[in-house]
Amino acid sequence: MKKNLKTRTNDRKFGTNNRLAKKYNIEEDLPLNILEDPAVPYGAVAPSSPFLSLVRGVLQLLGIPGQTTHSPIRNNADFIGIIREGVPRKALDHLMENTGLTVAEISTIIRTSDRTLRRYTAKQKLNPEQSERIIELAKLYSRGEDVFGNMEGFKQWMNSSIVALGNKKPKEFLDTSLGIDLLMNELGRIEHGIFA
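On a predicted model such as this, the values are computed, not experimentally measured, just so you know.

Reading the values: rules and limits
- Residues numbered from 1 in each chain as written.
- Predicted model: local features only at pLDDT ≥ 70, side-chain atom pairs only at ≥ 80, totals over all residues.
- Heavy atoms only, no water.
- Buried < 20%, exposed > 50% of the residue type's maximum accessible area, 1.4 Å probe, protein only.
- Helix = DSSP H or I, 4+ residues; strand = E, 2+ residues; numbered from the N terminus.
- Arc of directions from axis to C-beta.
- Polar contact = N/O pair within 3.5 Å; in protein donor to acceptor, adjacent residues only side chain to side chain.
- Core = buried A, V, L, I, M, F, W, Y, C linked by side-chain atoms within 4.5 Å.
- Contact = heavy atoms within 4.5 Å.
- Phe/Tyr/Trp six-rings, centres within 6.5 Å; stacked < 30°, edge-to-face > 60°.
- Axes fitted to C-alpha atoms, helices over the stretch in contact; angles between N-to-C directions.
- Parallel < 35°, antiparallel > 145°, perpendicular 65-115°, else oblique.
- Left-handed = near helix turned anticlockwise from the far one by under 90°.

Participant: Requested: an account of helix H10 (residues 151–158), with residues and values cited.
Facilitator: Where H10 is concerned, the buried positions are Met151, Phe154, Lys155, Trp157 and Met158. Seen end-on, H10 carries its buried residues on one side only, within an arc spanning 160 degrees. Of the exposed residues in H10, those oriented more than 90 degrees away from the buried face are Glu152 and Gln156. Measuring from the backbone nitrogen of Glu152 back to the side-chain oxygen at the start of H10 gives 3.3 Å, which picks out Asn150 as the cap.

Participant: Can you lay out the nonpolar core for me, pointing to particular residues and giving the numbers?
Facilitator: Soluble, globular proteins show a tendency: their nonpolar side chains are buried together. Residues Leu62, Ile134, Leu137, Tyr141 and Leu174 are the most contacted members of the largest nonpolar core, which totals 43 residues. For this core, the secondary structure elements donating two or more residues are helix H4 (50–61), helix H5 (79–85), helix H6 (89–99), helix H7 (103–109), helix H9 (128–148), H10 and helix H11 (177–191). If one sorts the elements of this core by residue count, H9 sits on top with 7 residues. If near-sequence neighbours (up to four positions away) are discounted, Leu174 is found in contact with Leu101, Ile109, Arg133, Leu137, Leu140, Tyr141, Met158, Ile180 and Leu183.

Participant: How would you sum up the packing of aromatic side chains? Please name residues and give values.
Facilitator: One pass over the structure, following the stated rule, counts 4 aromatic pairs. Here the aromatic rings of Phe154 and Trp157 are separated by 5.9 Å at their centres, their planes lie at 25 degrees, and the arrangement is stacked. You can see Phe154 and its partner Trp157 sitting in helix H10, 3 residues apart, about one turn around the helix. In this structure, Phe154 and Trp157 share a single accessibility class: buried. Three or more aromatic residues joined by ring pairs make a cluster, and in this case those are Tyr141, Phe148, Phe154 and Trp157.

Participant: Residue-level account of the packing of H9 against H10, with values.
Facilitator: Where H9 contacts H10, the axes come no closer than 7 Å and their chain directions differ by 110 degrees. In terms of orientation, H9 and H10 fall into the roughly perpendicular class. As for the relative orientation of H9 and H10, their crossing is right-handed in sense. On the side of H9, the interface is formed by Leu140, Tyr141, Gly144, Glu145 and Phe148, while H10 contributes Met151, Gly153, Phe154, Trp157 and Met158.

Right, dumping it as structure tokens:
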């Protein structure tokens, strides 16, 4: 009987029917210790996590009503499916509407002519390189909205000359991934009280 009790205890800790796996819609054969360890990069994302807030913001900015892939987005790697599949032009239009970016600015950012971009139909998908940049932009603007408290404040910052950026406007850095990373880092500094 003791052996049976020990097996049940281990089943609760490492078994296939643990409640956390069910709660967060995770494959049930993962051991519970993976789900409880926040250092595990591909573990569960709690419902109130900053990453989940970022995902919601990205999907809202792109006008995507819920999940577009077969599996839920739980980490940055899960965006790869969306990027490979391609972001539809309609999502790009929604992003431009929410961020205030013009067709000319977006076409420079994704490295295509504005004439070519205007010819895309609403359902036509961007290529993976362009889709990746659009996802990066949506993540940046979602993060900026969180840091500044509203989109208008973030847009104003994006159009201002920033000393920490060499007296350049943050919008000037949107055409490269490293530039977007630089802006994400600046947002982190602002969030922690180091104003740029």
